[in-house]
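Listed here are the chains, written in short residue letters.
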Amino acid sequence: MLQNVAVALLDGVNPFELGVVCEVFGTDRSDDGLPVYDFAVASAEGPALRMNSGFSLQVEHGLERLETADLIAVPAGHGYASREFPPELLDALRRAVDRGARVLSVCSGVFVLAAAGLLDDRRCAVHWKHARDLARQYPRVAVEPDVLYVDEDPVITSAGTAAGIDACLHLVRKEQGTEVANKIARRMVVPPHRDGGQAQYIERPLPHSEADTIGEVLGWMERHLDEEVTVEQLALRAHMSPRTFARRFQQETGTTPYRWILRQRVLLAQRLLEATDETMDAIAGRTGFGNAATLRHHFVRAVGTTPNAYRRTFKGPEAA
C-alpha cells in the first residue's frame with residue numbers, strides 16, 4: 001500500500017515541482033474521506049536549502065527519512081542536468097528500490113534517478129528540453145520525449161512541471177483506485193487524466209536551409225502547402241534531375257521532401273487551430289491534407305493529440 005511518502009530535496013529545488021508532490025501527497029483531505037499519507041520532505045544537503053526562486057527552506061529531516069518511505073519523489077531543480085549529486089542520496093535511492101519502494105521524478109529530477117543507475121535499460125519521461133542531454137549523458141536510458149509520464153514500476157518518471165501532477169495522480173489511481181484519484185484531482189481543480197503527450201507543447205519549426213541550391217524551392221513549397229506536388233515537379237523548379245534533387249534535399253534539410261512538406265503542413269494546421277475559428281475541413285484544405293479525416297490522421301501521428309483537443313488546449317473551450 002502507498003502510505004509513507006518522502007520527497008528528496010537538493011539545493012536549488014524548484015518550488016512548483018516540489019509543490020506538486022506536496023499537494024498530491026502532503027495535504028490532509030480526510031474530511032473528504034481521502035487517505036492521509038505519512039508525508040515528509042528530506043534534505044540531502046543540510047537543513048537549510050536555497051530554492052530556485054530566491055528564498056530558502058528549512059528542512060527538519062535528513063536522508064534517514066527515506067529509509068521507511070513507500071515512495072520517494074525527486075522534484076526538479078536548477079542545474080540538475082549538469083551537476084553532481086551526493087553519493088549518499090544515490091545510495092539511498094538504490095536501497096529504496098532494492099527493498100521494494102517506488103521512486104518518482106518530476107521534470108529534471110530524472111537526472112538524479114539516472115545518476116543512481118535506476119533508469120538503466122528502462123524507459124523514462126523528461127521535459128522535452130532536457131531529452132537530448134539525458135540521452136547523451138546516459139546512453140542506457142530509453143528516453144521518451146513525447147509522453148507526459150512513464151511507469152516502469154518501481155520507477156516512475158514525468159515530463160516538465162505540470163506533468164508531475166499527471167504522474168502522481170496516475171500512481172494514486174494505480175494504488176488506491178480511480179475514485180480516490182478523481183477526488184484528489186477535483187480538489188486540486190485539475191483534470192484527473194490529460195489526453196495526448198508532450199508533443200503538443202513542443203515547438204519544432206524545421207530549420208531553413210542556408211544553401212542556395214534549394215532555397216528558392218523551399219520558399220515556393222512553403223507558399224504552396226495546399227497543392228499536391230511531386231519530386232519531379234520540385235526537381236524541375238530546381239533545375240535538377242529528380243535523383244539529384246532528392247539527394248541535395250536530404251543533405252541540406254536532413255529529411256525527405258515528403259516529410260518536410262508533411263511537417264510544414266502540420267505546423268500550419270497548429271497555427272490555424274490556435275489563431276482562427278476555421279472548420280476542420282477548411283483547415284485541411286488550406287494545409288493540403290484535403291479533408292478533416294486525413295488532417296486528423298497526420299496530426300495525431302505528429303502531435304500526439306487530435307486537432308479538436310489541440311484547439312481546446314491552445315485556443316480555449318469556446319473554440320471546441
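Residues numbered from 1 in each chain as written. Predicted model: local features only at pLDDT ≥ 70, side-chain atom pairs only at ≥ 80, totals over all residues. Heavy atoms only, no water.

Comments concerning the pattern of salt bridges
Right, so step 1: By the definition in use, this model includes 20 salt bridges.
Right, so step 2: The salt bridge involving Arg136 is made with Asp133; its shortest N-O contact spans 2.7 Å. Taken together, the residues Arg136 and Asp133, both in helix H4 (residues 131-137) and three residues apart, mark about one turn of the helix.
Right, so step 3: The exposure class assigned to Asp133 is partly exposed, which follows from its relative accessible area of 24%. (Salt bridge = Lys/Arg side-chain N within 4 Å of Asp/Glu carboxyl O. Helix = DSSP H or I, 4+ residues; strand = E, 2+ residues; numbered from the N terminus. Buried < 20%, exposed > 50% of the residue type's maximum accessible area, 1.4 Å probe, protein only.)

Some details on the environment of Lys129
Right, so step 1: Of note, Lys129 is situated in the loop between strand S7 (123-124) and H4.
Right, so step 2: A sequence separation of 30 residues divides Lys129 from Ala159, and the C-alpha atoms of the two residues are 9.7 Å apart.

Some details on helix H6 (residues 178-188)
Right, so step 1: Among all positions of H6, only Val180, Ala181, Ile184, Ala185 and Met188 are buried. Burial along H6 is one-sided: seen end-on, the buried residues are contained in an arc of 135 degrees. The outward face of H6, more than 90 degrees from its buried face, is lined by the exposed residues Glu179 and Arg186.
Right, so step 2: The first or second residue beyond H6 is Val189, which carries a positive phi of 60 degrees. (Arc of directions from axis to C-beta.)

Looking at the side chain of His298
Right, so step 1: Counting through the fold element by element, His298 comes out in helix H12 (residues 292-303).
Right, so step 2: A relative accessible area of 17% places His298 in the buried class.
Right, so step 3: Ignoring any residue separated from it by four or fewer positions in sequence, one finds His298 in contact with Tyr258, Leu262, Val266 and Phe289. (Contact = heavy atoms within 4.5 Å.)

Comments concerning the sheet that holds strand S10 (residues 155-158)
Right, so step 1: Pairing in this open sheet of six strands is mixed, and the strands run S2-S1-S5-S6-S10-S9 from one edge to the other. Lying at the two open borders of the sheet, with one neighbouring strand each, are strand S2 (38-43) and strand S9 (149-152). Going from strand to strand, the sheet's axes swing by 15 degrees on average, the running direction of each strand aside.
Right, so step 2: Pairing geometry for strand S6 (residues 102-106) and S10, over four bridges, is parallel. Looking at S10, one finds that Val106 is bridged to Ser158. (Pairing = 2+ DSSP bridges. Axes fitted to C-alpha atoms, helices over the stretch in contact; angles between N-to-C directions.)

Brief notes about the pairing of S10
Right, so step 1: With burial as the criterion, each face of S10 is covered, one bearing Val155 and Thr157 and the other bearing Ile156 and Ser158.
Right, so step 2: Two strands pair when backbone bridges link them, and S9 and S10 are joined in this way by four bridges, in the antiparallel orientation. Counterpart to Tyr149 in the pairing with S10 is Ser158.

Some words on the pairing of S2
Right, so step 1: In this structure, strand S1 (residues 4-9) lies alongside S2, joined through six bridges in parallel fashion. Of the residues in S2, the one forming a bridge with Leu9 is Ser43.
Right, so step 2: Taken together, S1, helix H1 (residues 15-25) and S2 constitute a β-α-β crossover, and its handedness is right-handed. (Right-handed = clockwise from strand over helix to strand, strands pointing away.)

Observations regarding the UniProt feature "domain: HTH araC/xylS-type" (unreviewed entry) in the protein
Right, so step 1: With numbering matched to this structure, UniProt assigns "domain: HTH araC/xylS-type" (unreviewed entry) to residues 215-313.
Right, so step 2: Here residues 215-313 runs as 75% helix and 0% strand, with 34 Å between its end C-alpha atoms. (UniProt positions renumbered as here; feature names shortened; annotations may be inferred.)

Remarks on the packing of helix H5 (residues 163-176) against H6
Right, so step 1: Remark: H5 packs on H6, axes separated minimally by 7 Å, with the N-to-C direction vectors making an angle of 145 degrees. In this structure, H5 contributes Ile165, Leu169, Val172, Arg173 and Gln176 to the contact, and H6 contributes Thr178, Val180, Ala181, Ile184, Ala185 and Met188.
Right, so step 2: In terms of residue class, the contact of H5 with H6 is made up of eight nonpolar, two polar and one charged. (Nonpolar A, V, L, I, M, F, W, Y, C, P; charged D, E, K, R; others polar.)

Topic: the nonpolar core
Right, so step 1: Judged by nonpolar contacts, the single largest core of 69 residues is most densely connected at Phe25, Leu66, Leu89, Leu93, Leu104 and Val112.
Right, so step 2: Excluding anything up to four places from it in sequence, Val112 contacts Leu10, Val74, Tyr80, Phe85, Leu89, Leu90 and Leu93.
Right, so step 3: The next biggest cluster of nonpolar side chains, apart from the first, holds 27 residues, and it includes Phe249, Ile261, Leu272 and Phe289. (Core = buried A, V, L, I, M, F, W, Y, C linked by side-chain atoms within 4.5 Å.)

Digging into the packing of H1 against H5
Right, so step 1: Two elements in contact, H1 and H5, have axes separated by 9 Å at closest approach and are oriented at 25 degrees. By the angle class used here, H1 and H5 are roughly parallel. Regarding H1 and H5, the two cross each other, and that crossing is right-handed. Across from Val20, Val24 and Phe25 in H1, the residues of H5 making contact are Gly164, Ile165, Cys168 and Val172.
Right, so step 2: Residues belonging to the contact of H1 with H5 are distributed by class as follows: six nonpolar, one polar and no charged. (Parallel < 35°, antiparallel > 145°, perpendicular 65-115°, else oblique. Left-handed = near helix turned anticlockwise from the far one by under 90°.)

Focus: H5
Right, so step 1: For H5, built from 14 residues, the straight-helix expectation of 20 Å at 1.5 Å per residue is met to within 8% by its first-to-last C-alpha distance of 20 Å.
Right, so step 2: Summarising burial for H5: 11 of the 14 residues are buried, a large majority.
Right, so step 3: Buried residues of H5: Ala163, Gly164, Ile165, Asp166, Ala167, Cys168, Leu169, His170, Leu171, Val172 and Gln176, and no others.
Right, so step 4: Check the buried side of H5 and you find it contacts H1, strand S5 (71-74), S6, S9, S10 and H6.
Right, so step 5: Once H5 finishes, Gly177 follows within two positions and takes phi at roughly 100 degrees, a positive value. (Expected span 1.5 Å × (residues − 1).)

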